[in-house]
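Overview (structure and organization)
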Amino acid sequence: MTKPTLLVSACLLGQPVRYDGQSKPLSSPQWTTLRQRFDLVPVCPECLGGLPTPRPAAEIVGGDGRDALARTARIQTADSDDVSAAFIAGAERALDTALKHGSTQALLKANSPSCGNRQIYDGSFSATLRNGQGVAASLLERNGIAVWNETEIDRLLDSEPSQP
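Small disclaimer: the values here were computed from a predicted structure and weren't measured.

Brief notes about the nonpolar core
- Among the nonpolar cores identified, the biggest contains 28 residues, and L7, I75, F87, A106, L108, V135 and L140 are the most heavily contacted of them.
- Mapped by element, the contributors of at least two residues to this core are β2 (39-43), β3 (58-61), α3 (65-69), α4 (84-101), β5 (105-108) and α5 (135-142).
- Ranked by residues supplied to this core, first place goes to α4 with 6 residues.
- For A106, the contacting residues outside a window of four places in its chain are L6, L7, L140, I145, A146, V147 and W148.

Digging into the pattern of salt bridges
- Under the counting rule described, the total for this entry stands at 7 salt bridges.
- A salt bridge links K109 to E150; the nearest nitrogen and oxygen atoms lie 2.5 Å apart. With K109 in the loop between β5 and β6 (119-121) and E150 in the loop between β8 (146-149) and α6 (153-158), the pair connects residues that are 41 residues apart, well separated along the chain. As far as the burial class goes, K109 and E150 line up, both buried.
- The structure contains a network of salt bridges with shared partners spanning R118, E152 and R155.

A look at the packing of α4 against α5
- Interhelical geometry of α4 versus α5 gives an angle of 40° and a closest axis separation of 8 Å. One finds that α4 runs oblique with respect to α5. Our pair here, α4 against α5, has a crossing hand that is right-handed. Two secondary-structure elements touch here, α4 through F87, I88, A91, E92, A94, L95 and A98 and α5 through V135, A136, L139 and L140.
- Per-class residue counts for the contact of α4 with α5 are 10 nonpolar, no polar and 1 charged.

Some details on the sheet that holds β5
- With respect to topology, 4 strands assemble into an open sheet ordered β2-β1-β5-β8, the strand pairing being parallel. Two strands bound the open sheet, and with one partner strand each, they are β2 and β8. Between one strand axis and the next, the sheet turns through 25° on average, direction left out of account.
- In the sheet, strand β1 (residues 5-9) pairs with β5 via 3 bridges, with the strands oriented parallel. Bridge assignment links L6 to a residue of β5, and that residue is Q105.

With respect to the side chain of E150
- The exposure class of E150 is buried, given its relative accessible area of 15%.
- Contact partners of E150, with chain neighbours within four places excluded, come to L12, L26, L107, L108, K109 and A110.

Observations concerning the layout of surface pockets
- Put simply, the largest pocket is a space of about 460 Å³.
- Around the largest pocket, the lining is made up of 26 residues, and of these R18, Y19, N111, S112 and P113 lie nearest the centre.
- Sorting the residues of the lining of the largest pocket by element identifies α2 (45-48) and β3 as the ones contributing at least two each.
- A class-by-class count of the residues in the lining of the largest pocket yields 17 nonpolar, 3 polar and 6 charged.

Some points on α5
- Counting buried positions along α5 gives 6 out of 8 residues, so the element sits mostly inside the fold.
- Phi turns positive, to about 85°, at G144, one or two residues after α5.

Considering α4
- Spanning 18 residues, α4 covers 26 Å between terminal C-alpha atoms, matching the ideal 26 Å at 1.5 Å per step.
- Listed in full, the buried residues belonging to α4 are S84, A86, F87, I88, A89, G90, A91, A94, L95 and A98.
- Looking at the buried side of α4, the elements it contacts are β1, α2, β3, α3, β4 (74-77) and α5.
- Positive phi appears at G102, one or two residues downstream of α4, with a value of about 70°.

Conventions used here
Residues numbered from 1 in each chain as written. Predicted model: local features only at pLDDT ≥ 70, side-chain atom pairs only at ≥ 80, totals over all residues. Heavy atoms only, no water. Core = buried A, V, L, I, M, F, W, Y, C linked by side-chain atoms within 4.5 Å. Buried < 20%, exposed > 50% of the residue type's maximum accessible area, 1.4 Å probe, protein only. Helix = DSSP H or I, 4+ residues; strand = E, 2+ residues; numbered from the N terminus. Contact = heavy atoms within 4.5 Å. Salt bridge = Lys/Arg side-chain N within 4 Å of Asp/Glu carboxyl O. Axes fitted to C-alpha atoms, helices over the stretch in contact; angles between N-to-C directions. Parallel < 35°, antiparallel > 145°, perpendicular 65-115°, else oblique. Left-handed = near helix turned anticlockwise from the far one by under 90°. Nonpolar A, V, L, I, M, F, W, Y, C, P; charged D, E, K, R; others polar. Pairing = 2+ DSSP bridges. 1 Å grid on protein atoms, 1.4 Å probe; cavity = no way out; pocket = protein on both sides within 12 Å on 5 of 7 lines; lining within 4 Å. Points joined across faces, edges and corners; volume = space filled by probe spheres on them. Expected span 1.5 Å × (residues − 1).

This is the structure in structure tokens:
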């Protein structure tokens, strides 16, 4: 029997692709369980959008990922450089990857301006979180892909993955 695929933030798999050149790997027991249940497909929407590693931190200003996709909010660095186009392109490539692999679920990095599925930073670069989704999380969900974060792995594992 073929396992369902799970799109996963590459930084959670230990790849040093975060803005600061680091990763945020999860514990081995969690990965062992995920690997038994799913074929894991790593993605980093920011890298897929052409941004380098390391890169300046960025936050969504004037809304959340849905608004950025609608071009009514922007993603910018603390120096006010607009990186919206790269974030949107990366989200589109992450969606293409999910569709190519038949992924119906994704495990993405919490609070990220790309991957956050429940909260993101508020755009003030003051480490203040607010409710909202990142750009890739918004696009994936808009296209029927369930998005989880690393604090929701138990819920992900309890869910019934739909087959492609």
